[in-house]
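# Fold and geometry: a report
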Amino acid sequence: MVRVAFLHPDLGIGGAERLVVDAALALQSRGHSVRFVTNHHDKSHCFEETRNGTFPVTVVGDWIPRSIFGFAFALCAYIRMIYAALYIVLNSNVEADVIFCDQISYAVPILHLRFSRVLFYCHFPDQLLSKPGGTLKRMYRAPLNWIEEKTTGQADKIVVNSKFTRSIFKSTFKNLTKLPDVLYPSINTDLIDGTTPESLASVLPVELPVNAFVFLSINRYERKKDLGLALSALGHLKTILTPEQFDNVRVVMAGGYDRRVIENIDYYAELVVQADELKVSSQVIFLKSPSDAQKLALLVGCHCVLYTPTNEHFGIVPLEAMYTSKPVIATNSGGPTETVVDSKTGYLRKPDAKSFADAMAVCVRDREKCKNLGIEGRKRFRDHFSFKAFTNQLDTYIKDLMNDEKSDCLPYHIFQKKILRVSDAGSASSFGKFKDSLKECAFSRNFILRRFSVAKDGSESPSQISSETSTEPEVEPNPTNTSAISAISETKFEDSRKSRKIDALIKPAVQGDASESFAKLFRESNFTNLGNPRGKLVYGTIYRIVGDDMYIDFGWKFPCVVKKPSEDAHLYVNKAEVKLRIIDLEMSTIFLGAEKETSLNEANCLLVGLVKSPLGVPSNQGSASY
């Protein structure tokens, strides 16, 4: 048995996430032990295997911002990943023989401080995913790109998802001599075979015509996925088919939708507007983040799958379509050219509305041919992209790394002595003394309690961060020991006024009861003492407007979405302050085909009125009675 730890930035819903989950399932089926460490894991927006306890998932660094005032997304992502890598290296509870790292290579040299076998899966060079910009953008990206190439080359094994990606890898990282292997992604067919799919009608919010022909598009609501191509093709299809044929056509757009991602919100709204402008709204059905069961029902129930991204790295959706015997109409570039055989298992076309519409028309007019294309796709999947072949190849990589003549993973107590240079007494170096002083400082301990909360799902816990080794008893913090803080004040803050400010911040925490548990601190916090929030009046700020929907942040975990009123409508703009009455802090619903409620990631509030606006004073200012 090999212990494998997966390090992934965001365990959401997407092709990269599906791949690492399937890789973990593949290794687990061979008797290996697997676990995940990630920066973000939302249980309402993830794959079932990461939610139901199939793998232990530890979330670290989610408190680090995803951007700096809407900029530096890449830099923040790298910092979050490095933080997660440091957590793995410094945590005594993480023991692994191989680290499976993907997407962001910055973590590789950090992982090598303790682990000698790191496999890096390159979905696509990260620097090519960044949008081009001006001189400042190039200056910002230059050092990041250089570091990406250097850190990618430090991996012990590099794997890519297609021959197309390998060619891009070679042309991008010109100084690397390592040639990556190609490991085609697959899908967990056992999960599909073991599930009885629901009917298509049960997962759609509207009824279908009796003789409906359903095209399915599955992709995240991101502009690079070019979902608008499917709508444009549908609009052009209207000019090719007879009115009777076209009236039976439906396009289902089932996309990954995350309210944390502004692009998802904006692009979804753009697609709705585009469908309306093309006058095909009645024939387009939009779905947000379908569950695995709903996704399977859509794949089984549709007639053909549309795959619109250009130069896609590989693409999991065509494989899912092929396994469920559905033909695929895809762009003739990138990964789909390695999975779809033109005119045999589907169609490869130029990314324009006419080319796609012509292929769609063939499928609508000749359903028997469409069915035969799907049957051939199933055969091709079985011969070239089966989950068994994927499992065998990945298992071989792991075993080859283990057979490589390298030192094994350092046990944590050996890692402490050799790398951190901490002696048995815990004070043989300045680093050890620094850790001792932190451990004895109640202020630092309370900071750790605030940052690393205890969670049943495997999130960071204070004991994992603060314990020196698994064998040494925990040293109780000494509330009266402020020598470390005093030393800092004497050496760094000679100005007496600055010293007083620092002392004012530190002393309340030092004088508190350091033995208080996190649960007690939370129970006695001001937040908990607010009581039942239902009916309470709060102030909020508008931060986004889509049509008549206003997204309002009022300081809670989730925003609320309310309709713009007709009175003083022009004053309801971004940064306007409003008054709200709380109805429910978190709305949830039971989706079709589900047994449990799913969070909508929204609060339910009633708009009471406008408080102030950047554009002027409300007409009823001072006269409203709340």
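Residues numbered from 1 in each chain as written. Predicted model: local features only at pLDDT ≥ 70, side-chain atom pairs only at ≥ 80, totals over all residues. Heavy atoms only, no water.

## Thoughts on the environment of M1
The criterion, for reference: Secondary structure counts use DSSP, requiring at least four H or I residues in a row for a helix and at least two E residues in a row for a strand, with both numbered from the N terminus. When checking whether two residues touch, look at their non-hydrogen atoms; a contact exists if any pair is within 4.5 Å.
Summarising the element assignment, M1 is placed in the segment before β1 (3–10). Each C-alpha atom of the pair M1 and S33 lies 6.8 Å from the other, and the pair is 32 residues apart in sequence. What M1 contacts, discounting residues up to four positions off in sequence, is G31, H32, S33 and D97.

## Remarks on the packing of helix α3 (residues 73–90) against helix α5 (residues 135–153)
Heads up, the rule is: Under this scheme, a helix contributes an axis fitted over its contacting stretch, all axes are lines through C-alpha atoms, and angles between N-to-C directions fall in the 0 to 180 degree range. Note on angle classes: values under 35 degrees are labelled roughly parallel, values over 145 roughly antiparallel, values of 65 to 115 roughly perpendicular, and the remainder oblique. What makes a crossing left-handed is the near helix being turned counterclockwise from the far one by less than a right angle; a clockwise turn instead makes it right-handed. Under the scheme applied here, ten amino acids are nonpolar (Ala, Val, Leu, Ile, Met, Phe, Trp, Tyr, Cys and Pro), four are charged (Asp, Glu, Lys and Arg), and all others, including Gly, are polar.
The interhelical angle for the contact between α3 and α5, taken along N-to-C directions, is 30 degrees, at an axis separation of 11 Å. Accordingly, the angle class assigned to the pair α3 and α5 is roughly parallel. The handedness of the crossing between α3 and α5 is left-handed. Residue-level inspection shows F73, A74, L75 and Y78 of α3 in contact with α5, the latter providing Y140, R141 and L144. Taken together, the residues of the contact of α3 with α5 break down into six nonpolar, no polar and one charged.

## Re the sheet that holds strand β2 (residues 33–40)
To keep it simple, the criterion reads: Strand pairing requires that DSSP identify at least two bridges connecting the strands.
The sheet built from seven strands is open, its strands ordered β3-β2-β1-β4-β5-β6-β7 with parallel pairing. In the strand order of this sheet, the two ends are held by β3 (57–59) and β7 (181–182), each with one partner. Where strand β4 (residues 98–102) lies against strand β5 (residues 118–122), four bridges are found, and the strand directions are parallel. When the bridges of β5 are listed, D102 appears paired with Y121. In this fold α3 packs onto β1, β2, β3 and β4, with an angle of close to 140 degrees to the strand it touches most, β2.

## Points about the sheet that holds strand β10 (residues 284–288)
Reading across from one edge, β10-β9-β8-β11-β12-β13 is the order of the six strands in this open sheet, with parallel pairing throughout. Lying at the two open borders of the sheet, with one neighbouring strand each, are β10 and β13 (346–349). Across this sheet, the average inter-strand angle for adjacent strands is 20 degrees, counted without regard to direction. As defined by bridge partners, strand β12 (residues 328–331) adjoins β13 across four bridges and the pair is classed as parallel. Bridge pairing in β13 places V328 opposite G346. The sheet strands contacting helix α9 (residues 228–237) are β8 (213–218), β9 (249–255), β10, β11 (304–307) and β12, and the helix crosses β9 at an angle near 175 degrees. Here helix α16 (residues 367–384) sits on the sheet and contacts β8, β11 and β13; the angle it forms with β13, its principal contact strand, is near 90 degrees.

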